[in-house]
Amino acid sequence: MKKRLVRITALSTVLGTLALSASIGLAAEEDSVKPMGDGTDFSITGKRSWADGTRNTVNLSAYTEGEGRDLTKVRVYSYFYINGDLKHKDYDNDPSYASVEYEKKVTNLIDTEIRSSHYAYNSFGDKIERVSEAYWPE
C-alpha cells in the first residue's frame, strides 16, 4: 500500500511538472510572458511648455513623453497664469504621452505664463520629475 502511494505521488509530481513546463512554454511562444525589468528602464524623452498670445487671446500648452520597458505612465501638471494671476490648472496621465492645453479670450492681455511639472513612473512606483516654463511675451 505504501509503495503504491509513493508511486502515485511521484507520478503526480512528474505529470504536474510536465504540465507546468508545457504551459510556460506555450505562454512564452505567445509572447505574453515578458522578463521582469529591474525598474530602471524608463525615462522622459520629451517635455515642453508653450506660451503664445495676441492682444486678446492666450494659448498655453505642455506635454510629457516617456519610454522604456518599465514605464507605466507619464504625467504633465500645469499652472496657467494670465496677467500675473493663476487662472487655471490642469493635468493629464497616459501610458506614454500626456498633454494639456488652455486657450482663453482676454481683454487687455499684458503677459501670460505656464509652469509645468513632467513625470514618468515605473512599475515599482519610482518617478522621474522635470520642470518647464514658458512666457509670453518672451
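Anyway, here's the lowdown on the structure attached to this text.

About the thresholds
- Residues numbered from 1 in each chain as written.
- Predicted model: local features only at pLDDT ≥ 70, side-chain atom pairs only at ≥ 80, totals over all residues.
- Heavy atoms only, no water.
- Helix = DSSP H or I, 4+ residues; strand = E, 2+ residues; numbered from the N terminus.
- Buried < 20%, exposed > 50% of the residue type's maximum accessible area, 1.4 Å probe, protein only.
- Contact = heavy atoms within 4.5 Å.
- Pairing = 2+ DSSP bridges.
- Axes fitted to C-alpha atoms, helices over the stretch in contact; angles between N-to-C directions.
- Phe/Tyr/Trp six-rings, centres within 6.5 Å; stacked < 30°, edge-to-face > 60°.
- Lys, Arg positive; Asp, Glu negative; His and termini not counted.
- Salt bridge = Lys/Arg side-chain N within 4 Å of Asp/Glu carboxyl O.
- Polar contact = N/O pair within 3.5 Å; in protein donor to acceptor, adjacent residues only side chain to side chain.

**Considering the overall build of the protein chain**
Step number 1: Scanning the protein chain from N- to C-terminus turns up one helix and seven strands.
Step number 2: Going from the N terminus to the C terminus, the protein chain shows its helices and strands as α-β-β-β-β-β-β-β.
Step number 3: Among the 138 residues that make up the protein chain, the fraction classed as buried is 31%.
Step number 4: Sequence separation of 24 or more characterises 59% of the internal contacts of the protein chain that already satisfy a separation of 6 or more.

**Some details on the sheet that holds strand 6 (residues 112-122)**
Step number 1: Within the open sheet, the four strands sit side by side as 4-3-6-7. Their pairing is antiparallel. In this open sheet, the two edge strands, each paired with only one partner strand, are strand 4 (85-94) and strand 7 (127-136). Across the sheet, the axes of successive neighbouring strands diverge by a mean angle of 15°, strand direction being ignored.
Step number 2: Examined bridge by bridge, strand 6 and strand 7 share ten bridges and lie antiparallel to one another. Of the residues in strand 7, the one forming a bridge with A120 is I128.

**Points about the packing of aromatic side chains**
Centre-to-centre distance and the angle between the planes together describe a pair of aromatic rings.
Step number 1: Under the criterion given, the structure shown has six aromatic pairs.
Step number 2: Between W50 and Y63 the ring centres are 5.6 Å apart and the planes differ by 25°, which places this aromatic pair in the stacked class. In this pair, W50 sits in strand 1 (residues 43-53) while Y63 sits in strand 2 (residues 57-67), placing the two residues 13 residues apart along the sequence.
Step number 3: With a centroid separation of 5.2 Å and an interplanar angle of 35°, the aromatic rings of F80 and Y102 are classed as tilted. Taken together, the positions of F80 in strand 3 (residues 71-82) and Y102 in strand 5 (residues 97-105) put the pair 22 residues apart, joining distant regions of the chain.

**Let's talk about the side chain of D70**
Step number 1: If you trace the backbone, D70 turns up in the loop between strand 2 and strand 3.
Step number 2: Among buried Asp, Glu, Lys and Arg side chains, D70 stands out as unpaired, with R69 the closest opposite charge at 4.3 Å.
Step number 3: A polar atom in the side chain of D70 sits 3.3 Å from the backbone nitrogen of T40.

**What about the environment of T107?**
Step number 1: Structurally, T107 can be placed in the loop between strand 5 and strand 6.
Step number 2: A relative accessible area of 72% means that T107 is categorised as exposed.
Step number 3: On a C-alpha basis, the gap between T107 and T57 in space is 8.2 Å, while along the polypeptide they are 50 residues apart.

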